[in-house]
Amino acid sequence: MKFQGSDNYVATRDLMLAVNAAITLQRPLLVKGEPGTGKTMLAEEVAQSLGLPLLQWHIKSTTKAQQGLYEYDAVSRLRDSQLKDVDGGERVKDIQNYIIKGVLWQAFTADQPVALLIDEIDKADIEFPNDLLREIDRMEFYCYETRELIRAKHRPVVFITSNNEKELPDAFLRRCFFHYIKFPDAETMKSIVAVHFPGLKQELLTAAMKTFYDVRNLPGLKKKPSTSELLDWLKLLVAEDIPLEALQSKEDKVAVPPLVGALLKNEQDVTLFEKLVFMQRNNR
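Everything numeric here is computed off the predicted structure, so don't read it as measured data.

Trainee: Give a description of unusual backbone geometry that names residues and reports values.
Mentor: One non-glycine residue, glutamine 26, lies in the positive phi region at around 55°. Tracing the chain through its elements places glutamine 26 in the loop between α1 (13–25) and β1 (29–33). Look at arginine 147: it is not a glycine, yet its phi comes out positive at around 55°. Following the sequence through the fold, arginine 147 ends up in the loop between β6 (140–143) and β7 (148–151).

Shown next, in the form of structure tokens:
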């Protein structure tokens, strides 16, 4: 079972090596990188390439580790017990009817190997990763309500993504294989664009790429535009039929690009960029 890349995802050699190393070691692949660099899409493409069903657990600030295992719906059971005349109370007698299986339970009990994505783990409480240490390491957990040990039939291929909003515990990191997705260089970015816009004119691509990296390399930006935002911007340029001249500035100076709102997402960055353009026009 080896990942060799896919037609829909441009994976660098280092990234493919990291995926295959995690599979060989049977450890989760912890993927970090700037937002919009394809961390979530990586899991989707690897699963599709390897022919594995993908189970996804998107983490929020309120997510608890227990939700990934199971939840016991005591409220529903109490309500049904009060309405037991409807079915003779048979449903209430079986506690299994009130166990809501989480993503990890589903992955562990699947009849075939699956891929499991735990997306943006750094959004959760600081104790969240620690609460999953045993389950991820031993691939098992105990359900106290049904008094059964849930053990993985097949070890899932686990992907964990993080935007680096919080530091993860050392004990958790020790159980993972780590890879940081670097921001693509110009050549890699052209390959990514070619996947999404195969018919894009070379002149437009060259001008758009220059403008994009000019904006991205501006010092002091609060949020640098990402790969996904470049793709959104190119989609708008094509849809609005923006002429090539609108992307080309005289004397190789930085100019405010059309539809800049697809690249810069807060007023401080837009103001900073406009100030730079104004200063260049006045040769200050």
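Trainee: Provide a residue-level description of helix α11 (residues 202–216), including the pertinent values.
Mentor: An ideal rise of 1.5 Å per residue puts 21 Å on 15 residues; α11 measures up with 21 Å between its terminal C-alpha atoms. Listed as buried for α11 are Leu204, Leu205, Ala207, Ala208, Met209, Thr211, Phe212, Tyr213, Val215 and Arg216.

Trainee: Residues and numbers for the packing of aromatic side chains, please.
Mentor: Counted according to the given criterion, the structure contains 9 aromatic pairs. Ring geometry for phenylalanine 108 and phenylalanine 141: centres 5.9 Å apart, planes at 40°, overall tilted. In this pair, phenylalanine 108 sits in helix α6 (residues 103–109) while phenylalanine 141 sits in strand β6, placing the two residues 33 residues apart along the sequence. Comparing phenylalanine 108 with phenylalanine 141, the two get one shared label, buried. An angle of 80° between the planes, with centres 5.3 Å apart, marks the rings of phenylalanine 212 and tyrosine 213 as edge-to-face.

Trainee: Got a sec to walk through the pattern of salt bridges? Specific residues and values, please.
Mentor: Using the criterion set out here, one finds 12 salt bridges in the structure. The shortest N-O distance in the salt bridge between lysine 153 and aspartate 111 comes to 2.9 Å. Linking lysine 153 in the loop between β7 and β8 (157–162) with aspartate 111 in the loop between α6 and β5 (115–119), this pair joins segments that are 42 residues apart in sequence. Of the two residues examined, lysine 153 and aspartate 111, each falls in the exposed class. One salt bridge connects glutamate 140 with arginine 151, and the closest N-O pair in it is separated by 3.0 Å. With glutamate 140 in strand β6 and arginine 151 in strand β7, this pair connects stretches of sequence that are 11 residues apart.

Trainee: Please provide a residue-by-residue account of the layout of surface pockets, values included.
Mentor: Rolled over the atoms, a probe sized like a water molecule indicates the empty space that remains. Space inside the largest pocket adds up to approximately 660 Å³. Those elements giving two or more residues to the lining of the largest pocket turn out to be α1, α2 (39–50), β9 (177–181), α10 (186–196) and α12 (227–239). If one sorts the elements of the lining of the largest pocket by residue count, α10 sits on top with 4 residues. Of the residues belonging to the lining of the largest pocket, the class tally is 13 nonpolar, 13 polar and 6 charged.

Criteria and cut-off values
- Residues numbered from 1 in each chain as written.
- Predicted model: local features only at pLDDT ≥ 70, side-chain atom pairs only at ≥ 80, totals over all residues.
- Heavy atoms only, no water.
- Helix = DSSP H or I, 4+ residues; strand = E, 2+ residues; numbered from the N terminus.
- Expected span 1.5 Å × (residues − 1).
- Buried < 20%, exposed > 50% of the residue type's maximum accessible area, 1.4 Å probe, protein only.
- Phe/Tyr/Trp six-rings, centres within 6.5 Å; stacked < 30°, edge-to-face > 60°.
- Salt bridge = Lys/Arg side-chain N within 4 Å of Asp/Glu carboxyl O.
- 1 Å grid on protein atoms, 1.4 Å probe; cavity = no way out; pocket = protein on both sides within 12 Å on 5 of 7 lines; lining within 4 Å.
- Points joined across faces, edges and corners; volume = space filled by probe spheres on them.
- Nonpolar A, V, L, I, M, F, W, Y, C, P; charged D, E, K, R; others polar.

The quantities given are spatial measurements derived from coordinates; they are silent on function.
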